[in-house]
Amino acid sequence: MQRLPTPDLRMNTAETYFHAERWGGLMFVAVAVTAVAVAAWTWRHSAFWRGAASPLVLAALVQLGVGGSVWWRSPQDLARVQHIVANERVRLGIEEIPRMQVVMNEFARNRWIEFALAAAGILLVILAPQSSVWQGAGAGLAVQAAMIFLLDGSAERRAAGYLSWLQSL
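Residues numbered from 1 in each chain as written. Predicted model: local features only at pLDDT ≥ 70, side-chain atom pairs only at ≥ 80, totals over all residues. Heavy atoms only, no water.

Participant: An account of the overall build of the protein chain is requested, with residue identities and associated values reported.
Facilitator: Secondary structure summary: the protein chain contains four helices and zero strands in total. Walking the protein chain from its N terminus toward its C terminus, one meets helices and strands in the order α-α-α-α. Computed over its C-alpha atoms, the radius of gyration of the protein chain comes to 20 Å, more than 25% above the 15 Å expected for a compact globule of 169 residues. Seen through its C-alpha atoms, the protein chain measures out along the principal axes to roughly 75 × 30 × 25 Å. Across the 169 residues of the protein chain, 37% fall into the buried class. Pairs at least 24 residues apart make up 78% of the contacts formed inside the protein chain by residues separated by at least 6 positions. Charged side chains in the protein chain number 14 positive and 11 negative. The centres of these two groups are separated by 5 Å. (Helix = DSSP H or I, 4+ residues; strand = E, 2+ residues; numbered from the N terminus. Rg over C-alpha atoms; globule rule 2.2 N^0.38 Å. Buried < 20%, exposed > 50% of the residue type's maximum accessible area, 1.4 Å probe, protein only. Contact = heavy atoms within 4.5 Å. Lys, Arg positive; Asp, Glu negative; His and termini not counted. Charge placed at Lys NZ, Arg CZ, Asp CG, Glu CD.)

Participant: Mind laying out the side chain of Glu 96, listing which residues take part and the relevant values?
Facilitator: Positionally, Glu 96 belongs in helix α3 (residues 90-127). Within the structure, Glu 96 has its side chain in polar contact with the side chain of Arg 80 (distance 2.7 Å). (Polar contact = N/O pair within 3.5 Å; in protein donor to acceptor, adjacent residues only side chain to side chain.)

Participant: Go over the packing of α3 against helix α4 (residues 133-168) with me, naming the residues and quoting the values.
Facilitator: At their nearest, the axes of α3 and α4 sit 8 Å apart, and the two run at 160° to each other. As the angle between them shows, α3 and α4 are arranged roughly antiparallel. Here α3 runs over α4; the crossing is left-handed. Residue classes in the contact of α3 with α4 are distributed as 24 nonpolar, six polar and six charged. (Axes fitted to C-alpha atoms, helices over the stretch in contact; angles between N-to-C directions. Parallel < 35°, antiparallel > 145°, perpendicular 65-115°, else oblique. Left-handed = near helix turned anticlockwise from the far one by under 90°. Nonpolar A, V, L, I, M, F, W, Y, C, P; charged D, E, K, R; others polar.)

Participant: How would you explain the pattern of salt bridges if you had to name every residue and give the values?
Facilitator: Scanning all chains against the criterion turns up eight salt bridges. Of the charged contacts, one joins Glu 21 and Arg 158 as a salt bridge, the two residues approaching to 2.8 Å between their closest N and O atoms. You can see Glu 21 sitting in helix α1 (residues 9-42) and its partner Arg 158 sitting in helix α4, a full 137 residues away along the chain. Under the relative-accessibility criterion, Glu 21 is labelled buried at 12%. The shortest N-O distance in the salt bridge between Asp 77 and Arg 73 comes to 3.3 Å. You can see Asp 77 and its partner Arg 73 sitting in helix α2 (residues 47-87), four residues apart, about one turn around the helix. Overlapping salt bridges, with partners in common, bring together Arg 73, Asp 77, Arg 80, Glu 96 and Arg 99 in one network. (Salt bridge = Lys/Arg side-chain N within 4 Å of Asp/Glu carboxyl O.)

Laid out in structure tokens, this is it:
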């Protein structure tokens with residue numbers, strides 16, 4: 001009886017992580033494009049929407065940069081990690097694990113920044129004059145900060161699992 005080859009779980013875990021990261025990057029880009037489209041479409045409607053447009057577009061630029069770079073570099077990162085796992089495992093502790101620890105620290109820092117921006121946006125919505133540019137700016141800021149918070153939260157959970165896997169090797 002012929003034995004079927006067993007899947008290499010080490011590579012499947014890396015592939016799963018980097019493919020999910022690539023899709024996560026694409027989600028950042030999709031949210032950014034949507035935000036720019038909303039800002040452009042609503043710009044002429046009222047002072048509120050003119051106010052909302054600026055934070056929508058400014059955050060979209062960040063989302064495009066982050067999402068685009070993650071989407072672009074994920075295949076190269078996967079190839080690099082596959083090579084390290086298969087051929088140079090000692091590099092995991094020297095390169096990849098410390099890199100991912102830095103990434104996890106950045107997620108923790110970014111979470112506070114995103115929370116502060118969302119809170120500032122909510123305060124503007126509550127305290128600014130009704131339907132004003134400032135109230136719109138607060139709404140745009142709160143929405144974009146919340147979207148980034150959600151997308152980063154998903155990426156952070158993936159990264160934590162990946163880091164745990166790396167540390168188990």
